[in-house]
Structure formats: structure tokens, C-alpha cells
Amino acid sequence: MNEILRRNLPNILIALAAALVQWQLAARLARAADSAGRHGKARTWRALGFVLIAWTLLMPVVFGTGLQLQLPGNGAQWAMAATLLYLATAFAGGAAYFLTSRNVVNPSRRQALKAISGAIVALPAGFAAAGIIRAWSRPELREISIAIPGLPKDLQGLRIAQLTDIHYGPFFSMRDLEWAVAMANEAKPNLTVVTGDLITRRSDNLEECVWILRGLKADAGVYGCHGNHEVYARAVNAATALGRAAGIQFLRSKSATLNFGSAKLALTGVDYQPQASRYLRTVRPQPGAVNILLSHNPDVFGRAALLGFDLTLAGHTHGGQINVEILHEHLNVARFFTPWVYGLYRQGGRSIYVSGGLGTVGAPVRLGAPPEVTVVRLCAG
Ligand SMILES: [Fe+2]
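What you see is a predicted model; the values in this text were computed from it and never measured.

### Digging into the overall build of the protein
Across its full length, the protein carries 11 helices and 14 strands. If one aligns the C-alpha atoms of the protein with their principal axes, the spans along those axes are about 85 × 40 × 40 Å. Counting every position in the protein, which comprises 381 residues, the buried fraction comes to 41%. In the protein, once contacts between residues fewer than 6 apart in sequence are set aside, the share between residues at least 24 apart is 74%.

Rendered as C-alpha cells:
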């Protein structure tokens, strides 16, 4: 119980703050209507406030218990996305009301405040529109060279395509995934990996997703690991079996040893490692090989580096989904969970690449973190 409360504390605090803002707004609007003698309008404001506050206070329960992932149909996902936009607009509305309710005598100043508060209210919708356009646009091909100390000659220049966080469903369609698969294939990788979150919810079409992924082509094969949403959707075994039939080998605490000339590459995969659990208890790097770990959760990197994995490929954070980069520092919600949120990090000669991934959760919005297909190129350190 304590753990559930601790995990959902940010949701609860946001919902309480949003409820308070709405209560203030509804009460003030009702009072203003009452003093103008419009008692019917005042009653409407109070009733609307009551309904919206009740809905807002339900949100920590819906998100905290994972209920939004169990709701069938795409309508439920859109309702959740609309609620998130509404909550952001409620906060903006509160700020705007605070600005305009101050007693300003100067008419031109009053006019300016009105214009500013209008812009503040419109801001969440504006950002949402920009974010939806970005989320639904063609993914970027992000090519990155990663230096590995002592990399054998036969592995120099090896190209690994990575697709992650597809979240196939109402926010990421067949067309989007077909684009991503075509982009990965056009990069002519030696190896392709899929690092989890194929779907979001149990009712998403996992079969169709894997059927499209069947089109991935790489000389040395297509491998994968599972994400937290396969766990939430109770689809880990189904995804593994569908993957096997489609030529994708999901590595579940297992390694595949691949030979490139005289060099050995050990590719190890783990199921989703729950946040702050004892990471990577079931896997070890192979001696005499270059070791690459596939882990959906990037937070394992400290332990992976310590164990001796040369490179970790991860996803999970969606690059923060709404990400602001200031002086090469990523500011986004994922920062609360892990220091490795987006891009390449190095620690003592070991590296992790955290892909921004393809799809979205909560709302189909991406800002500062465009959907990406990654191509990693190994080079000597
Ligand atoms: Fe994800």
C-alpha cells in the first residue's frame, strides 16, 4: 500500500493541485454570475466544477492502478489524452484568471493582461497541436558512432538498427510502423534489435505489430527484449512466440553468440527490469566477446557497466516525450527515474544508447524528442 502511494505521489499531488485550481475557478465564476443576478449560470458553473473536479480526482486511481491500460477500445485512450490536455488547460486557466482578476485601473494595462492571459490559456492546446504533428510525422533516422575500447577489427563498422517503444495502437498506426521498418532496412544494418514496448495495452493488436516487424531484414538476424508494457499487457509469452514465428528472437535472460570473421559478439537480452529492483541478476557478459546488452529500462546501465557489458541499448523513456534541452542537459519527467534519459552516455569505457523510440503513451505528443529509428555503428575506442 505504501509502495503504491509512494509511486503515485506525483499523480496524486498534480490531481490535488488541479482540483484546487478548478475549485477556485468555478467558485469565482459562480460568484461573479451570482452578483450579476445570473443565478442559473452560477448553478451551471458549480455543477460543472463538481463534475470536473470529481473526474480529476479519479485520475490518480485510473493511472495509478494501470486501469487506463485495461480499458478496451481506442476511445478510452483518446479520453485519457483529452483529460491530460484538459488538466494542462485548467492550470493555464487558473494562472490566466489570477492575472486578470487583479484590480488594474489602467485600461491599456488591463487590455494587455487580458491578451496575455488568453495566450496562456491557448498555450497547452498549441503545444499539443505541435506535439501531435511531430509524433505523427515520419521518424528520423538517427545514426550514431559508438567507440568500444579494444574492438576487434572484424566488428569495426558493424551497424545495428534499433527500433523501440513502438506502442502499436491508436497513436502509432500500421503506416507509421511500416515507415519505421522500411527506414531500418534502407540503412542496411548487419543486425537489428527491437527493445520492447511493442504495444501499450492488452487490447492492442500485437499480432499485427509483429506481422509488420516480420519485414525487418538484417544479415545476422533480428533480436529483441521485452518492455514494461508487454508485462502490463500480460503479453510477454505471446510476444515471444509471435516473434519466434516472425524470425525475431526475444532474448529472455539469454545470449546469442554471433561470429563476425574471427570476432565474437555476444548479444544478451533481459525482460523488463522493474525500476529500482536488483538489476541484471540473471545475466553476465561472455568472456572473449564484445558484449551488448538489450534492456528496455536504461536505469540498469550502472550495473551493466560494472558487470562488463560494453554497450547497452535501451529505450523506455521516449526521450522524455516532452523534452527541453538546455546546455546539453535534458529536462523532462524521465529525469525523476533515471540519469540516463536520452542519447549516448559513457561510464568507464562502457556505453549506453537510450533511444527516443517511436511511439507515445498517455497522449500522442512529442516535443523535443522526435520519433526515431536508430542506427548504431561500432568503432574502435
Ligand atoms: Fe515505452
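### What about the nonpolar core?
One finds Leu163, Ile166, Leu198, Cys209, Leu265, Leu267 and Leu294 to be the most contacted residues of the largest nonpolar core, which totals 70 residues. Look past the residues within four positions of Leu294 in its chain and what remains in contact with it is Val193, Thr195, Tyr223, Gly224, Cys225, Leu251, Leu267, Thr268, Gly269 and Leu313. Formed by 13 residues, the second largest nonpolar core is a distinct cluster that contains Leu25, Ala26, Ala30 and Met59.

### Digging into the environment of Lys41
Positionally, Lys41 belongs in helix 3 (residues 39-64). Residue class for Lys41 comes out partly exposed when judged on the 15 C-beta atoms lying within 10 Å of it. The spacing of Lys41 and Gly308 is 267 residues in sequence and 67 Å in space, taken between C-alpha atoms.

### Examining the sheet that holds strand 1 (residues 140-148)
The pairing of strands in a sheet happens through backbone hydrogen bonds and is either parallel or antiparallel. Here we have 6 strands laid out as an open sheet, ordered 1-14-2-3-4-5, and mixed in their pairing. Strands with a single pairing partner mark the edges of an open sheet, and in this sheet they are strand 1 and strand 5 (248-250). Across this sheet, the average inter-strand angle for adjacent strands is 25°, counted without regard to direction. Across 3 bridges, strand 4 (residues 222-224) lies against strand 5 in parallel orientation. Opposite Tyr223, over in strand 5, you have Gln249 as the bridge partner.

### Brief notes about the environment of Ile199
By the secondary structure assignment, Ile199 is in the loop between strand 3 (191-194) and helix 8 (206-213). For the pair Ile199 and Ile166, spaced 33 residues apart in sequence, the C-alpha separation works out to 6.5 Å.

### Let's talk about helix 5 (residues 74-100)
Compared with an ideal rise of 1.5 Å per residue, which puts 27 residues at 39 Å, helix 5 spans 38 Å between its outermost C-alpha atoms and is within 8% of the ideal. Considered for burial, the residues of helix 5 that qualify are Gln77, Met80, Ala81, Thr83, Leu87, Ala90, Gly94 and Ala96.

### Section: unusual backbone geometry
Its identity is not glycine, yet Lys188 carries a phi of approximately 45°, on the positive side. Take Lys188: it is sitting in the loop between helix 7 (174-186) and strand 3. Lys188 gets classed as exposed once you count the C-beta atoms within 10 Å, which come to 12. Its identity as a non-glycine residue notwithstanding, Ala276 has a phi of 65°, on the positive side.

### Topic: the environment of Leu151
Residue placement: Leu151 occurs in the loop between strand 1 and strand 2 (159-163). Sequence separation of Leu151 and Asp310 is 159 residues, and the distance between their C-alpha atoms is 9.7 Å. Apart from residues no more than four positions distant in its own chain, Leu151 is found in contact with Gln156, Val290, Leu378, Cys379, Ala380 and Gly381.

### With respect to the sheet that holds strand 13 (residues 350-354)
As summarised here, the arrangement of the 6 strands in space is 6-7-8-9-13-12, forming an open sheet in which the pairing is mixed. The open sheet has two edge strands with one neighbour each: strand 6 (254-260) and strand 12 (343-347). Averaged over all pairs of adjacent strands, the angle between their axes in this sheet comes to 20°, without regard to strand direction. Bridge count between strand 9 (residues 311-314) and strand 13: 4 bridges; the pairing is parallel. From the neighbouring strand, Ala314 faces strand 13, where its bridge partner is Val354.

### Some remarks on the packing of helix 7 against helix 8
Following both chains from N to C, one finds helix 7 and helix 8 inclined at 25°, their axes separated by 9 Å at the closest point. Between helix 7 and helix 8, the crossing angle belongs to the class labelled roughly parallel. Crossing hand, helix 7 versus helix 8: right-handed. Mapping the contact onto sequence places Met174, Leu177, Glu178 and Val181 in helix 7 and Glu208, Cys209, Ile212 and Leu213 in helix 8. Partitioning the contact of helix 7 with helix 8 into residue classes produces 6 nonpolar, no polar and 2 charged.

### A closer look at the packing of helix 2 (residues 9-35) against helix 3
Between helix 2 and helix 3, the shortest axis-to-axis distance is 8 Å and the interhelical angle comes to 175°. Considered as vectors, helix 2 and helix 3 are oriented roughly antiparallel to each other. Residue composition of the contact of helix 2 with helix 3, by class: 18 nonpolar, 6 polar and 3 charged.

### Concerning the domain arrangement of the protein
For the protein, the assigned domains read domain 1 (2-134) and domain 2 (139-380). Look at where the C-alpha atoms of domain 1 and domain 2 centre, and you get two points 36 Å apart. With 17 residues of domain 1 in contact, the opposing surface of domain 2 contributes 16 residues. Listed by contribution, the elements that provide at least two residues to the side of domain 1 that touches domain 2 are helix 4 (67-70), helix 5 and helix 6 (107-135). Split into classes, the residues belonging to the side of domain 1 that touches domain 2 amount to 11 nonpolar, 5 polar and 1 charged.

Conventions adopted
Each chain has its residues counted from 1, running along the sequence as written. Confidence filtering applies because this is a predicted model: local features only for residues at pLDDT of at least 70, side-chain atom pairs given and counted only at 80 or more, and all residues used for totals across whole chains, interfaces and linings. Helix and strand assignments follow DSSP, with helices taken as H or I runs no shorter than four residues and strands as E runs no shorter than two, numbered in order from the N terminus. Buried residues are those with 20 or more other C-beta atoms within 10 Å of their own C-beta, exposed residues have 12 or fewer, and partly exposed residues lie in between; C-beta atoms are placed from the backbone. In this description, any two residues whose backbone-derived C-beta atoms lie within 7 Å of each other are considered to be in contact. We call a set of buried Ala, Val, Leu, Ile, Met, Phe, Trp, Tyr and Cys residues a nonpolar core when their C-beta atoms link them within 7 Å. Paired strands are those between which DSSP finds at least two bridges. Throughout, an axis means a line fitted to C-alpha atoms (over the contacting stretch in the case of helices), and angles, computed between N-to-C directions, take values from 0 to 180 degrees. For a helix, the expected span equals 1.5 Å multiplied by the number of residues minus one. The cut-offs work like this: below 35 degrees is roughly parallel, past 145 is roughly antiparallel, 65 to 115 is roughly perpendicular, and the gaps in between are oblique. Two helices crossing with the near one rotated counterclockwise from the far one by less than a right angle form a left-handed crossing, whereas a clockwise rotation gives a right-handed crossing. Throughout this entry, Asp, Glu, Lys and Arg are counted as charged residues, while Ala, Val, Leu, Ile, Met, Phe, Trp, Tyr, Cys and Pro are counted as nonpolar. The remaining residues, Gly among them, count as polar. By convention here, the domain bounds are inherited from an automatic or database domain assignment.

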